[in-house]
Amino acid sequence: MSQRVSNPRLTLCVLTFSEHFRLAKRTLESIWSNCDRADFRLIVGANAAGADTLSFLSERHRSRDIDELIVSPTNLSKCPMMRRMFANITTEYIWWFDDDSFITDPGALSQWILAAEAAPKLTVIWGALGQCDHRLAFTDVEDITGFVRSAGWYRGLPPPSWRPGGKGELDFADRARVMAGGSSSSGDAG
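Residues numbered from 1 in each chain as written. Predicted model: local features only at pLDDT ≥ 70, side-chain atom pairs only at ≥ 80, totals over all residues. Heavy atoms only, no water.

> How should I be thinking about helix α4 (residues 108-118) in this particular structure?
For an α-helix, the turn length of 3.6 residues means that residues three or four places apart are oriented alike. Within α4, burial applies to A108, L109, I113 and A116. Projected down its long axis, α4 carries its buried residues within an arc of 130°, all on one side. What points out from α4, more than 90 degrees from its buried face, is the exposed set L114 and A118. Looking at the buried positions of α4, the neighbouring elements they touch are β1 (10-17), β2 (40-47) and β4 (93-98). (Buried < 20%, exposed > 50% of the residue type's maximum accessible area, 1.4 Å probe, protein only. Helix = DSSP H or I, 4+ residues; strand = E, 2+ residues; numbered from the N terminus. Arc of directions from axis to C-beta. Contact = heavy atoms within 4.5 Å.)

Next up, the structure:
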């Protein structure tokens, strides 16, 4: 592993969660094996991390493979932990990883930096855009339910759906608000 530099241009942020040690380890090892350590700072957030994950992260923090480790014994959820992780970042770029993402190409970091440098100055985020304004427009994945059910993190729960009760309350653009008892305030519950 290369020595770190004092002022890299990039901070890599990895969010870990719960008892998913295998995922956290895969994400971090993919970074350490595919990126030159001198090129980035590494911040890891641990939301309600399991014992194995917390032990692994703590050891790697002590060995300085992780620059900053932010631990919450309870699950803060992604956005509150992200705010904590971003609070002291001073680098020009940030690259975010959920614990189910990882790098497979040793040139990925330099390719992303080159893309960022070549982009118009008003571009502030790169990656695939995901939006959900209609059940058919969620993603380009042909069988999203099959994708979710075949994922390593899938725990057998029904995937969210646009049907009433699909996630307790559905209120995207006031198109279908499901209230207690299953009534709809917009007249079209989907």
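> Explain the sheet that holds strand β3 (residues 68-72) to me, please; I cannot follow it from the model alone.
Strand-to-strand pairing in sheets goes through backbone hydrogen bonds, with the strands running parallel or antiparallel. Pairing in this open sheet of 4 strands is parallel, and the strands run β3-β2-β1-β4 from one edge to the other. Of all strands in the sheet, those bounded by a partner on one side alone are β3 and β4. Strand after strand, the sheet turns through a mean of 15° between neighbouring axes, direction not considered. On top of the sheet, helix α2 (residues 51-62) reaches β1, β2 and β3; it is set at about 155° to β3, its chief contact. (Pairing = 2+ DSSP bridges. Axes fitted to C-alpha atoms, helices over the stretch in contact; angles between N-to-C directions.)

> Would you explain the environment of K25 in this entry?
Following the sequence through the fold, K25 ends up in helix α1 (residues 21-34). Using a relative accessible area of 31% as the deciding quantity, one classes K25 as partly exposed. Along the chain, K25 and F56 lie 31 residues apart, while their C-alpha atoms are 8.0 Å from each other.

> Explanation requested: the pairing of β2 in the structure shown.
Of all the 8 residues making up β2, 7 are buried; the element is thus mostly covered by neighbouring parts of the structure. Relative to β2, β1 runs parallel, the two sharing 8 bridges. Its bridge partner being in β2, C13 is matched across the sheet by I43. Crossover connection from β1 via α1 to parallel β2: handedness right-handed. Summarising the sheet, β2 and β3 pair through 5 bridges and their orientation is parallel. Residue pairing in the sheet places A46 in a bridge with V71 of β3. Read from β2 through α2 to β3, the crossover connection turns out right-handed. (Right-handed = clockwise from strand over helix to strand, strands pointing away.)

> Please explain unusual backbone geometry as it appears in this structure.
Excluding glycine, most residues fall at negative phi; most peptide bonds, likewise, are trans. Phi at A48 is positive, roughly 50°, even though this residue is not glycine. A residue is classified by how much of its surface remains accessible, and A48, at 24% relative accessible area, is partly exposed. Backbone geometry at S77 places phi at a positive 80°, although glycine is not the residue there. Positionally, S77 belongs in the loop between β3 and α3 (78-86).

Everything listed here is a matter of coordinates, which is why it stays silent on function.
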